[in-house]
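Listed below, chain by chain, are the residues.
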Amino acid sequence: MKAIILAGGMGNRLLHLTTNTPKCMLKVHGKPIIEHLLTALMDLGINDISIVKGYLKDQINYERTKSYYNQDYENSGILTSLFCAEQEFNDDVMIFYSDTIFNKSILEEIMNANGDICIAVDKDIKKSHKTPEDKENALINENKVQKIGRNLADGSNAEFIGIAKFTKKGAEILKNVYHEAITKHGDRPFQQSLSVKKAFLTDILQELIDRDYEVTPVLIKGKWTEIDTLEDLKEAGGEITSAKITPEVRRGLLKNILGERGFVRVIEAHSGISAIIANNAVTNGKTVFDALWISSLTESAAKGQPDIEIMGPDSRLATVHQVLEVTNKPVIIDGDTGGDPNALEYFLRKAESLGVSAVIIEDKVYPKRNSLDAESEQTQEDPKVFANKIKRGKSALLTDQFMLIARIESLIAGKSVDDAIERAKHYLEAGVDGIMIHSKSKTPDEILSFARDYKELCNEIGIKKPLVCVPTTYNEIKESELRNEGFNVIIHANHLLRASIKSMQNVCNIILENERSMEADKYCSSVKEIFDIVGFTDIKNKEKNLEVN
Ligand code: SPV
Ligand code: MG
């Protein structure tokens, strides 16, 4: 008996965890998901194991296994991955999804099942975190699979769990049907997919059924867990806080995401705990923050100090250390004015070596005042002096992964959009890697007007760099609208600190008023939640060295 493990997918729903790690290498109970399967297979004496890789293939390395590679993993389906290992279809073979942890007894059940084509199904259709469109269900009647796929029109009474077994004869049938399907369908729809190339395993199984081949269900009793979402990973005992990343890999992430998507959504973090919350935030199982902003306002305030450039570079870097330790997202630092050019060089070199992706410096005179304060005088630097500072900063950098971004404060200082554009020209020509336009207006009008002129300027001078904004005061406008207007980086600059201040004040008042904390409980996270968030639960699991099988 051979085994083929399909490990080419990108695991989009676990986005922030799979930025640098293929899904099957995420850890559950201290070891990668795929390793649970490899151990179980080897325990059962199955040693002829092939892994079909795709996304981040070099990170999946297991001695004593064979490797296949689906080069086009981004544009093809799991069936294409399976057929990358077609030469293995010359014996009895079991096929596995690589993102599911199966109890060993399940493997035994299907291994010993009768039938040339068998699939493992669970009669107890799980309340998994998958949407109905994503669940692979089956309709079983008279010990035969009648239908298999997503959203079955005739209903379903079992869930496919991602294991199929083909005898040598069954594998021969599979090969023939697959090649006939390619000839017949070409790039046209195939079963529930847009083409054979993009098809799921369930599509070929349905094709086999349609051609009157018998697909036998193996009704499993043991436990299995598919890791598809953060909730699945958490429930399986996975590590969601400590996916580690080297400074070299992290540093280039911001440029990479900007290159690929042209858009980055950023949230502020001012401490380890706020960084973990920001790192793990996800909505609809897929929308996440792409990067973290280390704000001067909140980093100073978290230490009880005003944002007037008295919390210097080393304070900022100490906070950055905390954040880098607990997250795997790219980090952008608020560098204030950058100080004098020597101080800027020192700061940039440190930030770059830590794996920070970008520093933004503002064109004000040291010591600056927070830009949102209506009463402070906002003194801008001469643009030529600031352009020279940019040149000094850029010359101190060792990699081109790192971005030095110039922040223009003309609108904050009461000057015109034209003044801001004039400055943008100086800074772009000095070699800056991006431009941030700041505003404290209640409406986005002035930054939108800047964005339009900026596009023209970029065309005119032939330099195009990402555009950044911080919509704190003009926060009615949505990210998608800002994106459509030409903004590439949107920073929600202070919200986690503001949320925590309000919440802490509320809880203080409730405890004082009630002379006890019972009434405040519903406004507080549980202690267990803290354990989970900071990885104490992970550590306990590791110490117990829990055996899943
Ligand atoms: C910060 O977050 O520290 C910023 C943005 O610099 S603002 O507070 O709006 O100036
Ligand atoms: Mg600031």
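Everything quoted here is computed from the prediction, not taken from an experiment.

Asker: Is there a simple way to explain the site of ligand 1 in this structure?
Answerer: Around ligand 1, the structure places W293, S295, S296, L297, D334, N370, S371, L372, R407, H438 and A493. In this structure, D334 approaches ligand 1 through a side-chain N or O atom, which is 2.9 Å from an oxygen atom. Protein contact buries 100% of the 280 Å² of open area that ligand 1 shows by itself. Tallied by class, residues from the shell around ligand 1 come to four nonpolar, five polar and two charged.

Asker: I'm lost on the packing of aromatic side chains in this one. Help?
Answerer: The description of an aromatic ring pair rests on the distance of the ring centres and on the angle between the ring planes. As enumerated under the stated definition, the model contains eight aromatic pairs in all. Ring centres of F83 and F89 lie 5.2 Å apart, and the angle between their planes is 90°; on these two criteria the pair is classed as edge-to-face. The buried category is assigned to F89, whose relative accessible area is 1%. Through pairs of rings, three or more aromatic residues link up here, namely F83, F89 and Y178.

Asker: Even after reading the chapter, I still don't get the coordination of the magnesium ion (ligand 2), so can you show me in this structure?
Answerer: Geometrically, a metal with four donors at the corners of a regular tetrahedron has ideal angles of 109.5 degrees, and one with six donors at the corners of a regular octahedron has ideal angles of 90 or 180 degrees. Taken together, S296 (OG) and D334 (OD) make up the full set of protein donors to the magnesium ion (ligand 2), lying 2.0 to 2.1 Å away. Note that S296 is positioned in helix α10 (residues 296–302) and D334 in strand β18 (residues 331–334), a separation of 38 residues in sequence. Each member of the pair, S296 together with D334, is buried.

Asker: Is there a simple way to explain the packing of helix α9 (residues 272–280) against helix α11 (residues 313–326) in this structure?
Answerer: When two helices pack together, their arrangement is given by the angle between the helix axes and the distance between those axes. Packing of α9 against α11 brings their axes to within 8 Å, and their N-to-C directions diverge by 40°. Overall, the two elements α9 and α11 adopt an arrangement that is oblique. Note on packing geometry: the crossing formed by α9 with α11 is right-handed. Every residue of α11 that contacts α9 at G272, A275, I276 and N279 is listed here: Q322, V323 and V326. For the contact of α9 with α11, the per-class residue count stands at four nonpolar, three polar and no charged.

Asker: Honestly, the nonpolar core in this entry has me stumped. Any pointers?
Answerer: Burial of nonpolar side chains together is a common tendency in soluble globular proteins. The biggest cluster of nonpolar side chains holds 55 residues, and the ones touching the most others in it are I333, Y427, I435, I437, F450, Y454 and F487. Non-local contacts of Y454, meaning those with residues more than four positions away in its chain, are made with I421, A424, L428, I435, K465, P466 and L467.

Calculation rules
- Residues numbered from 1 in each chain as written.
- Chains lettered and ligands numbered in written order.
- Predicted model: local features only at pLDDT ≥ 70, side-chain atom pairs only at ≥ 80, totals over all residues.
- Heavy atoms only, no water.
- Near = heavy atom within 4 Å.
- Polar contact = N/O pair within 3.5 Å; in protein donor to acceptor, adjacent residues only side chain to side chain.
- Areas by Shrake-Rupley, 256 points an atom, 1.4 Å probe, with all protein chains shown as cover.
- Nonpolar A, V, L, I, M, F, W, Y, C, P; charged D, E, K, R; others polar.
- Phe/Tyr/Trp six-rings, centres within 6.5 Å; stacked < 30°, edge-to-face > 60°.
- Buried < 20%, exposed > 50% of the residue type's maximum accessible area, 1.4 Å probe, protein only.
- Donors = N, O, S within 2.8 Å, 3.2 Å for Na, K, Ca; no water.
- Helix = DSSP H or I, 4+ residues; strand = E, 2+ residues; numbered from the N terminus.
- Axes fitted to C-alpha atoms, helices over the stretch in contact; angles between N-to-C directions.
- Parallel < 35°, antiparallel > 145°, perpendicular 65-115°, else oblique.
- Left-handed = near helix turned anticlockwise from the far one by under 90°.
- Contact = heavy atoms within 4.5 Å.
- Core = buried A, V, L, I, M, F, W, Y, C linked by side-chain atoms within 4.5 Å.

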